[in-house]
Amino acid sequence: MDKTRIFISSVQKEFAGERRLLCNYIRQDALLGKYFIPFIFEELPAANQSAQQSYLSEVQNSDIFLLILGIQYGFEDQDGISPTEREFDKATEMNKYRICFIKMLIDNVKREEKEDVFIQKIENELVRKTFLDYETLRSNVYAALIRYLEEKELLRLLPFDASYHPETSIEDIEDKKIDNFIRIAQRARNFPLQIGTPVVDVLKHLNLLNTANRVKNAAILLFGKNPQRFFITSEIKCVQFYGDEVTKPIPSYQVYQGDLFELVTQAVDFVASRVNVRVGTRKNSVHAPIDFELPLESIREAIVNAVAHRDYTSKGSIQVMLFRNRLEIWNPGHLPAGITIEQLYHVHESFPNNPLIANPLYLAGYAERLGTGTADIIKHCLAIGLRPPTFSQTDNFRIIFWRNVETLNENLETLNENPETLNENLETLNENPETLRDNLETLKPLQNLPKRMTRKALEEVILTLCSNEYLTINQISKLVGKSGNYLLNEIIPPLLACEKLIRLFPATPKHKSQAYKTNYT
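Reference entry: report on the structure contained in this document. What you see is a predicted model, and the numbers here were worked out from it, not measured in a lab. (Residues numbered from 1 in each chain as written. Predicted model: local features only at pLDDT ≥ 70, side-chain atom pairs only at ≥ 80, totals over all residues. Heavy atoms only, no water.)

Describing the packing of helix H17 (residues 473–480) against helix H18 (residues 484–497)
Interhelical geometry of H17 versus H18 gives an angle of 100° and a closest axis separation of 9 Å. Considering their axes alone, H17 and H18 lie roughly perpendicular with respect to each other. On H18, the residues that touch Ile473, Ile476, Ser477 and Val480 of H17 are Gly484, Leu487, Leu488 and Ile492. Its residues assigned to classes, the contact of H17 with H18 shows six nonpolar, two polar and no charged. (Axes fitted to C-alpha atoms, helices over the stretch in contact; angles between N-to-C directions. Helix = DSSP H or I, 4+ residues; strand = E, 2+ residues; numbered from the N terminus. Parallel < 35°, antiparallel > 145°, perpendicular 65-115°, else oblique. Contact = heavy atoms within 4.5 Å. Nonpolar A, V, L, I, M, F, W, Y, C, P; charged D, E, K, R; others polar.)

Below you can see the structure in the form of structure tokens.
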């Protein structure tokens with residue numbers, strides 16, 4: 001079967017990087033690479049004709065004309081027409097399949113006047129899509145090319161995230177989850193849609209709905225009321241072991257269900273609530289820093305990667321296993337085509353196995369872009385003195401975080417060999433109570449607080465105290481001069497219910513290190 005030729009066009013300098021990335025992505029994607037051959041300006045061979053003639057010839061020889069527009073109109077010929085517009089006109093004249101993507105403007109940036117006129121001309125002829133950055137551009141291009149294959153009846157078996165479950169409908173999407181996503185994505189990535197936008201419009205914007213309003217599998221997994229009703233293995237299994245091997249008894253085993261955002265949050269909370277936590281002093285700030293034994297940002301990134309890259313047709317589930325000396329995260333899937341284990345230790349191009357799932361995770365700030373995720377995971381581990389994580393690919397993909405057990409054992413041996421060191425440390429703690437974990441001895445009630453406060457006034461005080469850092473109930477109690485039981489029973493629950501406060505460990509409300517922070521979403 002002959003592959004479909006795509007000519008990717010734009011003002012040459014404005015989107016040179018995006019064109020190159022798109023070209024490589026289409027070639028290396030397991031599905032798109034089977035059907036398409038992309039071309040960009042820089043790859044055209046030398047020829048005995050002008051550059052413009054070469055570009056127009058390539059448009060004529062291609063099946064799809066893919067156009068990216070932004071701020072600049074570009075170089076103008078003697079008639080005041082840019083090469084990009086000439087190419088579009090040629091594609092129109094030759095009845096080529098045209099796809100157009102227009103970059104959104106932010107921060108009061110304005111387009112060149114002729115670029116605006118050109119865009120208006122296109123809008124009269126085509127349905128075009130907007131994009132914010134390369135990640136959204138890539139997702140939109142992927143969806144548009146899949147749609148082309150469907151229209152031409154070249155593709156009858158879609159990838160999982162773009163396929164449809166026979167029993168799902170728009171009624172299986174939860175409106176509240178859509179609004180919550182918009183709220184988070186606006187803050188994280190300047191998402192253009194507003195809270196209250198109809199669900200159908202949001203899903204279409206994310207390429208999660210087809211022209212017949214059928215919801216794609218990715219939409220159910222991301223925003224469904226009960227995703228496991230249709231995709232049983234989309235859950236995450238979390239388990240803790242006492243030692244370094246899989247042995248009984250098992251102190252904790254949880255199977256988490258829900259949408260993909262909920263799964264990531266619950267799995268990260270499982271790990272955070274079972275590794276060592278150090279609460280620092282208030283030497284440099286009124287708020288005590290909280291440091292986890294393993295970098296939570298790396299744990300989150302690894303779990304998000306497992307969600308975005310896993311094989312959802314597999315009978316297996318993602319597994320998070322915490323051992324005495326390590327944390328393992330198993331993903332029932334394989335590395336994307338063209339990516340090796342060695343490349344994971346450096347910044348690399350990103351080719352998610354489920355791009356319609358990966359894009360909303362990125363928009364909500366759950367994932368990084370352009371292949372920096374694994375490099376950041378390694379960097380965060382090294383920054384706190386841990387050895388680099390280990391990546392492996394067998395029947396599943398696995399990442400192993402190594403806990404600092406060696407340092408703990410060395411410290412214990414030192415204390416056993418030198419018991420006077422322990423006594424000195426205890427004396428230091430007695431002399432300097434500010435180094436104690438909760439730092440309560442150094443906390444003093446806030447000055448000028450009235451003895452009697454209305455509930456609303458007390459709530460505002462607490463929201464102010466928790467505006468920058470997580471505070472435990474004991475810390476809040478000490479600062480406001482109210483009992484912890486009163487705060488836990490009367491004041492904190494309403495603030496949590498209306499989402500003005502959030503928990504440090506939302507999946508474990510009674511966690512021994514539970515703390516609270518103001519939520520500005």
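Quick word on the layout of surface pockets
Roughly 1800 Å³ of volume is contained in the largest pocket. Taken together, 43 residues form the lining of the largest pocket, with Ile184, Thr265, Tyr366, Ile502 and Pro506 sitting closest to its centre. Ranked by residue count, the leading element in the lining of the largest pocket is helix H7 (residues 175–189), at eight residues. Here the residues of the lining of the largest pocket sort into 22 nonpolar, seven polar and 14 charged. (1 Å grid on protein atoms, 1.4 Å probe; cavity = no way out; pocket = protein on both sides within 12 Å on 5 of 7 lines; lining within 4 Å. Points joined across faces, edges and corners; volume = space filled by probe spheres on them.)

Overview of the packing of helix H11 (residues 296–309) against helix H12 (residues 355–363)
Between H11 and H12, whose axes approach to 8 Å, the crossing angle comes to 150°. Classified by the angle their axes make, H11 and H12 are roughly antiparallel. Of the residues in H12, those touching H11 at Val304, Val307 and Ala308 are Ile357, Ala358 and Leu361. Classifying every residue of the contact of H11 with H12 by side-chain character gives six nonpolar, no polar and no charged.

Some details on the environment of Phe7
Looking at the element boundaries, Phe7 is found in strand S1 (residues 4–10). Phe7 sits 53 residues away from Gln60 along the chain, and the two C-alpha atoms are 9.5 Å apart.

Description of the sheet that holds strand S7 (residues 252–256)
If you trace the six strands from one edge of the open sheet to the other, you get S7-S6-S10-S11-S13-S12, paired in mixed fashion. The open sheet has two edge strands with one neighbour each: S7 and strand S12 (390–393). The sheet shows a mean angle of 10° between the axes of neighbouring strands, direction not considered. Contacts from H11 reach strand S6 (236–240), strand S10 (318–322), strand S11 (326–331) and strand S13 (397–402), with the element oriented near 20° to S11. (Pairing = 2+ DSSP bridges.)

Notes on unusual backbone geometry
Among all residues except glycine, the phi angle is most often negative; among peptide bonds, the trans geometry is most common. Residue Lys248 is joined to Pro249 through a cis peptide bond whose omega torsion reads 0°. On the secondary structure map, Pro249 appears in the loop between S6 and S7. Phi angles above zero are rare outside glycine, and Asn190 is one such case at about 55°. Along the polypeptide, Asn190 turns up in the loop between H7 and helix H8 (199–205). On the basis of relative accessibility, which here comes to 46%, the residue Asn190 falls in the partly exposed class. Phi angles above zero are rare outside glycine, and Asn213 is one such case at about 60°. Mapped onto the fold, Asn213 is located in the loop between H8 and helix H9 (217–223). For Asn213, a relative accessible area of 35% translates into the label partly exposed. (Buried < 20%, exposed > 50% of the residue type's maximum accessible area, 1.4 Å probe, protein only.)

Quick look at the environment of His309
Checked against the element boundaries, His309 lands in helix H11. Remark: the alpha-carbon pair of His309 and Ile357, spanning 48 residues in sequence, is separated by 8.9 Å. Once you skip the residues sitting within four places of it in the chain, His309 turns out to touch Asn331, His334, Pro336, Phe351, Pro352, Asn353 and Asn354.

Concerning the packing of aromatic side chains
Evaluation of the coordinates by the stated rule reveals 19 aromatic pairs. Measuring from centroid to centroid gives 6.0 Å for Phe36 and Tyr148, while their planes differ by 50°, and the two rings are tilted. Linking Phe36 in strand S2 (residues 36–39) with Tyr148 in helix H6 (residues 134–151), this pair joins segments that are 112 residues apart in sequence. Summarising the aromatic geometry, the rings of Phe160 and Phe231 are spaced 5.3 Å apart at their centres and angled 75° between planes, so their arrangement reads as edge-to-face. Here Phe231 lies in the loop between H9 and S6 and Phe160 lies in the loop between H6 and H7, a separation of 71 residues in the sequence. Comparing Phe160 with Phe231, the two get one shared label, buried. Ring pairing ties together the aromatic residues Phe181, Phe191, Phe223, Phe261 and Tyr366, which thus form one cluster. Taking the ring centre of Tyr25 as reference, the NZ or CZ of Arg138 above it sits at 5.4 Å. (Phe/Tyr/Trp six-rings, centres within 6.5 Å; stacked < 30°, edge-to-face > 60°. Lys NZ or Arg CZ within 6 Å of the ring centre and 35° of its normal.)

Distances and angles like these do not, on their own, reveal function.
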